[in-house]
Amino acid sequence: MDLRLGAAVPATDEERAAIASVLGPPETGWDGGQRQAADGHVAFGGHAARARRHLLIPVLHAVQERIGWISPGALDHACERLTVPPAEAYGVASFYALFRTGPSPGAVVHVCDDLACQAGGAEQLCEQMKRRFGAEGTEAAFDGTGVTWQRSPCLGQCDRGSAALIQHAGADPARVGLAPADPDTVWQALSAGPPASPDRPLVPQIENPGFRTLRLLRRIGQADPASLGSYRAAGGYEMLRRAIALGPQGVIREIKDAKLLGRGGAAFPTAVKWEAVAANPVRPHYVVCNADESEPGTFKDRVLMEEDPYALIEAVTIMGYACSAEQGYIYIRGEYPLAEARLRHAVGQARAHGFLGTDVMGAGFSFDIEVRRGAGAYIAGEETALINSIEGKRAEPRNKPPFPAQSGLFGKPTAINNVETLFSVLEILRIGGPAFAAIGTDGSTGTRLFCLSGRVQRPGLYEHEFGITLREVIEAAGGVSGGRPLSAVLLGGAAGSFVGPDALDTPLTFEAIRGIGATLGSGVVLVLDDTVDITGLLRRITQFFRDESCGQCVPCRVGTVRQEEVVARMARGAPLGSVAQELALLEDISSVTRDASICGLGQTAVTAVASAVRLGLLGSAQ
């Protein structure tokens, strides 16, 4: 393959070393090594070389962590090593928000200005950052390397107030999440160097109303997330033993009896996925945990991974056993450094103690897990886009069918579930499928995690049985802050729906929420009082989807832009024509984008605005 490498400045020794830290040293002149006489007569490539394409994103992470950005020379050298055309590699590097393809200071601070932080004063924080560090995107002097800051989509710290993420490049790179954040804490974190070890104590943002039994959250605060021994003392790996005793079909039968629906938003029956993969004669099989929790307002998976990482490792292992897979992946968003560190530590400990590897627990089956870090792309939460990202490609959704159970990761049968769903599997095996099905309602079984944020007295992560009302969930969190009037609640995050005070007595079940034209989505409950600028929130939602659309299909690529333009005009009080004409245009955009987009992003990008129009929240700003 003629790669047409054309960087004016070749990769530096430091950049080559960063790439070699992932790929190992080059073996021949054909893959970036020193040219030998024999290289003129024989080349090793083809499928064997292309088979490492999936390492492209880890390589790009390694370069940026060492240098601070991905230079053309480093990109060319990565292409040599992986036999990837430079145009494709640049397309990947430029796709993800956390990668930088232009010169950058050694430290970059991402400041969240998304929904929950907007409701909590993100604009004031951005103004403070501007006064302390200069205008957004400009470089300020710091420690000889410089620092810059930029606005960021949701960082998954919605329960803790304003949030920031620091990327600090160098020989000892660091990523640090801060919440609550202000210019002083940012400066202190920049000055402190690398973060503390992954086992540093963290106060969990877990709330228990006191009259309900915690199931998915029962170990949090009780077991040490850094200790395999502590996890086992709390009942860890007993569910894997039970799964082995049941056999793969027995595990799937329990999940079927439990009527478990996926907790990622689509509410697809989990047993159907696993059964389809397990029965597929094509080999090998893969399982993937979707931990790319990027929905604004959502933080439940972060808490689970940070505070109970071994439980996720056990659950993914059970998933692999039931689906006859030998390899699993946990794809975690790049904005969760602590969760990633704790998961990597847990995987290493599980492997060292025989809970992963060639003979798991001496039960005669082989299974291992690799943790893969995303790089800032909301669309990667869509299952086929996530598959593309693991394969080292742009996170663009694929057309379905075929579904991942038929042709998923590397073209093989693949089962994909999110973190909360897999924690529910552990609970099903603990109490039995029928007992799990008896919790909640007939159509919505078990418990659900709710992310309470916004203008609520006690933001945090709450676990409730399905069937609790929206009013009870808010009251369990202390009610609206300051006792102010409730204006609206955003259910399900940016891709969800606004509901008014008249929906407070609606049971929170899949079926009841669908009945009022809303969705539970990822469990977001963003409470808004009469002081919140809802039109400003709608503007932020439309900006978010405009930026996060992968651009692959026209309805989403164009529709999200046009939606943002209409909402921006209305926010300025300058409608094109009349307000009624603008609302009619929004309805047209909504219909096309919802009906013709390839994936769920385009199909739901218009949901929040459409629900706000129905409630009169957008029109009332005029």
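Above: the structure in question.
Residues numbered from 1 in each chain as written. Predicted model: local features only at pLDDT ≥ 70, side-chain atom pairs only at ≥ 80, totals over all residues. Heavy atoms only, no water.

**Let's talk about the sheet that holds strand β4 (residues 174-178)**
1) Next: The strand order across the open sheet formed by four strands is β2-β1-β3-β4, and the pairing between neighbours is mixed. Edge positions in the sheet fall to β2 (147-152) and β4, since each has one partner strand and no second. Averaged over all pairs of adjacent strands, the angle between their axes in this sheet comes to 15°, without regard to strand direction.
2) Next: Taken together, the five bridges between strand β3 (residues 164-168) and β4 define a ladder with antiparallel strand orientation. Bridging across to β4, His168 finds its partner in Ala174. (Pairing = 2+ DSSP bridges. Helix = DSSP H or I, 4+ residues; strand = E, 2+ residues; numbered from the N terminus. Axes fitted to C-alpha atoms, helices over the stretch in contact; angles between N-to-C directions.)

**Notes on the sheet that holds strand β9 (residues 414-418)**
1) Next: Reading across from one edge, β8-β7-β6-β9 is the order of the four strands in this open sheet, with parallel pairing throughout. One side of each edge strand has no neighbouring strand; the edge strands of this open sheet are β8 (368-373) and β9. Averaged over all adjacent pairs, the angle separating strand axes in this sheet is 20°, with direction ignored.
2) Next: Two strands pair when backbone bridges link them, and strand β6 (residues 286-291) and β9 are joined in this way by five bridges, in the parallel orientation. Within β9, the residue paired with Val288 across the bridge is Ile416.
3) Next: This element, helix α15 (residues 337-352), spans β7 (327-332) and β8 of the sheet and lies at about 165° to β8. (Contact = heavy atoms within 4.5 Å.)

**Description of the pairing of β8**
1) Next: Alignment of β7 against β8, held across six bridges, turns out to be parallel. Paired with Gln327 across the strands is Asp368, a residue of β8.
2) Next: Assessed by its sense of winding, the connection that carries the chain from β7 through α15 to β8 is right-handed. (Right-handed = clockwise from strand over helix to strand, strands pointing away.)

**Concerning the packing of aromatic side chains**
Given two aromatic rings, their pairing is described by the distance between the two centres and the angle made by the two planes.
1) Next: Evaluated as defined, the whole model comprises 13 aromatic pairs.
2) Next: For the pair Tyr231 and Tyr310, a centre-to-centre distance of 5.9 Å together with 20° between the ring planes defines the contact as stacked. On the criterion of sequence distance, the pair formed by Tyr231 in helix α9 (residues 228-233) and Tyr310 in helix α14 (residues 309-322) is long-range, its members being 79 residues apart.
3) Next: Note on Tyr231: relative accessible area 2%, which makes it buried.
4) Next: Tyr310 sits in the buried class, given a relative accessible area of 1%.
5) Next: Taking the centre distance of 6.5 Å and the plane angle of 45° together, the rings of Tyr286 and Tyr329 count as tilted. Residue Tyr286 is found in strand β6, and its partner Tyr329 is found in strand β7; the two are separated by 43 residues along the sequence.
6) Next: We classify Tyr286 as buried; its relative accessible area is 13%.
7) Next: Taken together, Tyr231, Tyr237, Tyr310 and Phe355 form an aromatic cluster joined through their ring pairs.
8) Next: Taking NZ or CZ as reference, Arg333 lies 5.2 Å from the ring centre of Tyr336, over its face. (Phe/Tyr/Trp six-rings, centres within 6.5 Å; stacked < 30°, edge-to-face > 60°. Buried < 20%, exposed > 50% of the residue type's maximum accessible area, 1.4 Å probe, protein only. Lys NZ or Arg CZ within 6 Å of the ring centre and 35° of its normal.)

**So, the packing of helix α11 (residues 248-258) against α14**
1) Next: Contact geometry for α11 and α14: axes closest at 8 Å, N-to-C directions at 115°. When the interaxial angle is binned, α11 and α14 end up roughly perpendicular. Two secondary-structure elements touch here, α11 through Pro248, Val251 and Ile252 and α14 through Ile318, Tyr321 and Ala322.
2) Next: Each residue belonging to the contact of α11 with α14 can be placed in one class, and the counts come to six nonpolar, no polar and no charged. (Parallel < 35°, antiparallel > 145°, perpendicular 65-115°, else oblique. Nonpolar A, V, L, I, M, F, W, Y, C, P; charged D, E, K, R; others polar.)

**Topic: helix α23 (residues 579-596)**
1) Next: Taking 1.5 Å per residue, 18 residues should reach 26 Å; α23 reaches 26 Å between its end C-alpha atoms and fits that length.
2) Next: Among all positions in α23, only Glu582, Leu586, Ile589, Ser590 and Thr593 are buried. Seen from one end, α23 has its buried residues packed into an arc of 105°, which puts them on one side. Facing away from the buried side of α23, by more than 90 degrees, are the exposed residues Ala580, Asp588 and Asp595.
3) Next: Tucked into the core, α23 has its buried residues touching α22 (554-571), α24 (600-604) and α25 (607-615). (Expected span 1.5 Å × (residues − 1). Arc of directions from axis to C-beta.)

So far we have only geometry, and geometry alone does not tell us how the molecule works.
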